[in-house]
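# Examination of the molecular architecture
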Amino acid sequence: MSTEIAASESERRALEHAESPTNRRPAGAGGPLGRIISPVVAVWTSMPLALRLFGIAVLAVGAATTVGLLTSENSAAQPPGLAVEIRVVMIVALIGAGVYAQTSKIQARMGRLLIAVGLLSSLWLLNGSSDRVPFSIGVVFAGVMPLVFAYLILAHPTGHLPSRTELRFLWLTGGALAVLWLLGVAMTLQPPLRTPLLQCGPHCPNNVFSLGSATEAVTAVQAAMVLAWLAVTCGTPVLLARRMRAASAPVRRSLTPVWLTATAAAVLLTASMLFHAAGLQVWTTLGFMYIGLVALLPLAILGGLANERLFMGQALAEFVSELARMPAADPEALMAAALRDPSLKVAYRRPGRGTYVDSAGVPVHDLPDDAAIAWVERDHHPLAAVMYNEDLSGS
């Protein structure tokens, strides 16, 4: 005999309302800024997807062209011989990967993040210009980008951080680097630290945002910047590896190319900094290789997203095939096997009641906080809730 469950219909509707993207209010939505942004967001989201993607593509081409032209006018831009190409490739790859992800509902959030990082990168890569204003803008964003790229890596493939541990790590390492860097920018006329893309000091264009007259940052501040940069770059693949160990097989396949790229970048940056401290010129070559891997990061993410799509298509085909072969089988077991997700559970709504049970009739007392939920409906009435690993969801 079926058993009553504790999860009520009102709780289900409240959770569904809270999780619905149309019912989420952005921070500050109730203030003046929110009243300005909300209509713009509403107009943007009401546009057909193809038109939105076309607009993003045009913006990407404009950003890459501007950065490329400004860099081409500076013969001292780094790296020599590839300064224009590596900047253009990085911007186009990030935004292109984002456009690809936007074509899938489950990957749309990751797509928005990739596009945002691509646009931020276009500001950072203005550091190839010989003009004071764009160069200074590029210098300002140079100290923020390690934090941004670390966030991008840790947010893959869902587009958001999996836990507060990653958030605290980013604030303590990348946040510290950003604060130290911005203080250095405010105090010095030249870039506060030599990096693979900023090697023109002390002959760089003067920083228009500087409030001081020093030509370089205090040595102790530079050392703190290097340590924070290494911490955020090396800690990111460590956190990703820990997450991979606990992830399901399809999620691991999606994370692997990103982890490999992040690990190689961390090794190259560490080696570059050590050789720089030893006064060996080989640090510049290693630094250029590090930048090359950063440029390849969106391709690694793209590979992971494509692999995820391929797996989901195969999982759907496997589930339908097995269900046709064994119509009396438990759909929960078939679905869990197809998705390689042993945590997957299905809660069925009892007809005429606001309660749910699992396939064995056992009450479902709570909907887990660490799982994604997909609602199965008929004529806008819920039939079941499918709870699965949130790493398989981009919501």
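Residues numbered from 1 in each chain as written. Predicted model: local features only at pLDDT ≥ 70, side-chain atom pairs only at ≥ 80, totals over all residues. Heavy atoms only, no water.

## Points about the overall build of the protein
The condition that has to hold: Numbering of helices and strands runs from the N terminus; a helix is a DSSP stretch of H or I covering at least four residues, while a strand is a stretch of E covering at least two. Accessible area is worked out with a 1.4 Å probe on protein chains only. A residue is then buried under 20% of its type maximum, exposed over 50%, and partly exposed in between. Contact criterion: two residues are considered in contact whenever any of their non-hydrogen atoms come within 4.5 Å of each other. Where accessible areas are quoted, they stem from the Shrake-Rupley method and a 1.4 Å probe; at the residue level, only the protein chains shown are allowed to cover.
For the protein, the helix and strand inventory stands at 12 helices and 4 strands. Residue burial in the protein is summarised as follows: out of 395 residues, 46% are buried. Within the protein, residue pairs in contact and separated by at least 24 positions form 67% of the contacts whose partners lie at least 6 positions apart. Carbon and sulfur atoms provide 67% of the accessible area of the protein, an area that totals close to 19,500 Å².

## Considerations on the nonpolar core
Stated precisely, the cut-off is as follows: What is meant by a nonpolar core is a set of buried Ala, Val, Leu, Ile, Met, Phe, Trp, Tyr and Cys residues, joined one to another through side-chain atoms within 4.5 Å.
By size, the foremost hydrophobic cluster in this structure holds 72 residues, and its most contacted members are Met90, Trp124, Phe149 and Leu152. Apart from residues lying up to four places away in sequence, Phe149 is in contact with Met90, Leu94, Val117, Ser121, Trp124, Val294 and Leu297. Judged by nonpolar contacts, the second largest core, of 8 residues, contains Met335, Ala336, Leu339 and Tyr388.

## Digging into a nonpolar patch on the surface
Note the cut-off: Only residues whose relative accessible area exceeds 30% and that form no salt bridge enter a patch; like-charged residues are grouped when within 9 Å of one another, and nonpolar side chains (Val, Leu, Ile, Met, Phe, Trp, Tyr) when within 5 Å. Salt bridge, as applied in this entry: a Lys or Arg side-chain nitrogen positioned within 4 Å of an Asp or Glu carboxyl oxygen.
A cluster of nonpolar side chains, Leu51, Phe54 and Val58, forms an exposed patch at the surface whose accessible area comes to about 300 Å². By secondary structure assignment, the location of Val58 is in helix α3 (residues 49-72). Taking the relative accessible area as the measure of exposure, Val58 reaches 46% and is therefore partly exposed.

## Quick notes on the packing of helix α5 (residues 108-124) against helix α7 (residues 145-155)
Going by this rule: Axis lines are fitted to C-alpha atoms, over the contacting stretch for helices. Their N-to-C directions set the angle, which ranges from 0 to 180 degrees. Angle categories are assigned with fixed cut-offs, so that under 35 degrees is roughly parallel, over 145 is roughly antiparallel, 65 to 115 is roughly perpendicular, and the rest are oblique. For a crossing to be left-handed, the near helix must be turned anticlockwise from the far one by less than a right angle; the clockwise case is right-handed.
For the pair α5 and α7, interaxial distance at closest approach is 11 Å and the crossing angle is 165°. Of the possible angle classes, the one that applies to α5 and α7 is roughly antiparallel. In this structure, α5 meets α7 at a crossing whose hand is left-handed. Of α7, the residues touching α5 (which contributes Met110, Leu113, Leu114, Val117, Leu120, Ser121 and Trp124) are Met145, Val148, Phe149, Tyr151, Leu152 and Ala155.

## Notes on the packing of α3 against helix α4 (residues 83-102)
Quick note on the threshold: Charged means Asp, Glu, Lys or Arg here, nonpolar means Ala, Val, Leu, Ile, Met, Phe, Trp, Tyr, Cys or Pro, and polar covers whatever is left, Gly included.
The contact between α3 and α4 brings their axes to 9 Å, and the two run at 170°. By the angle class used here, α3 and α4 are roughly antiparallel. Packed against α3, whose contacting residues are Leu49, Leu53, Ile56, Ala60, Ala63, Ala64, Val67, Gly68, Thr71 and Ser72, the element α4 presents Ala83, Val84, Arg87, Val88, Ile91, Val92, Ile95, Val99 and Gln102 at the interface. Classifying every residue of the contact of α3 with α4 gives 14 nonpolar, 4 polar and 1 charged.

## What to know about the confidence of the model for the protein
The condition that has to hold: Scored between 0 and 100, pLDDT is the confidence that the predictor attaches to each residue.
When pLDDT is averaged across the protein, the result is 83; 83% of the residues are at 70 or more. Confidence drops under pLDDT 50 across residues 1-30; counting only partners more than four residues distant or on other chains, this segment forms 46 contacts.

## Structural notes on the state of the cysteines
Formally, a disulfide is one covalent bond, and it connects the sulfur atom of one cysteine to the sulfur atom of another. Which entries qualify depends on this criterion: Throughout, disulfides are identified as pairs of cysteine sulfur atoms within 2.5 Å of each other.
In the structure shown here, the tally under the stated rule is 1 disulfide. The disulfide bridge from Cys200 ends at Cys204, spanning 1.8 Å between sulfur atoms. Judged by the torsion about the S-S bond (105°), the Cys200/Cys204 disulfide is right-handed. Taking relative accessible area as the criterion, Cys204 reaches 6% and is therefore assigned buried.

## Considering the side chain of Ser272
Here Ser272 lies in helix α10 (residues 249-277). Not counting chain neighbours up to four residues away, the residues in contact with Ser272 comprise Trp283, Leu286 and Gly287.

## Some remarks on unusual backbone geometry
Working note: non-glycine residues mostly have negative phi, and peptide bonds are mostly trans. With an omega dihedral of -5°, the bond running from Gln78 to Pro79 counts as a cis peptide bond. As for its placement among the helices and strands, Pro79 is situated in the loop between α3 and α4. Here the amide bond leading from Gly201 into Pro202 is cis, since omega sits at 5°, within 30 degrees of zero. Residue position: Pro202 is located in the loop between α8 (164-187) and α9 (219-246).

## Describing helix α12 (residues 331-339)
For the α-helix, the turn length of 3.6 residues means that residues three or four positions removed from each other point alike. What α12 keeps buried is the set Glu332, Leu334, Met335, Ala336, Ala338 and Leu339. Where α12 ends, the next residue or the one after it, Arg340, has phi of about 55°, a positive value.

## Quick look at the packing of aromatic side chains
To keep things clear, this is the line we draw: Only centres within 6.5 Å qualify two rings of Phe, Tyr or Trp (six-membered ring in Trp) as a pair; their planes then separate them into stacked at under 30 degrees, edge-to-face at over 60, and tilted for everything else.
In the structure shown here, the tally under the stated rule is 2 aromatic pairs. Between Trp124 and Phe149, the aromatic rings sit 6.0 Å apart at their centres with planes inclined by 70°, giving edge-to-face as the arrangement. Placement of the pair is Trp124 in helix α5 and Phe149 in helix α7, with a sequence separation of 25 residues. Looking at Phe149, the relative accessible area reads 8%, which means it is buried. Seen in terms of ring centroids, Trp229 and Tyr290 are 6.1 Å apart; in terms of plane orientation they differ by 70°. Their pairing is edge-to-face. Taken as a pair, Trp229 in helix α9 and Tyr290 in helix α11 (residues 282-325) lie far apart in primary sequence, 61 residues in all. On the basis of relative accessibility, which here comes to 7%, the residue Trp229 falls in the buried class. Tyr290 gets classed as buried once you look at its relative accessible area, which sits at 8%.

## Digging into the environment of Pro382
Within the element layout of this structure, Pro382 appears in strand β4 (residues 381-389). On a C-alpha basis, the gap between Pro382 and Arg349 in space is 7.1 Å, while along the polypeptide they are 33 residues apart.

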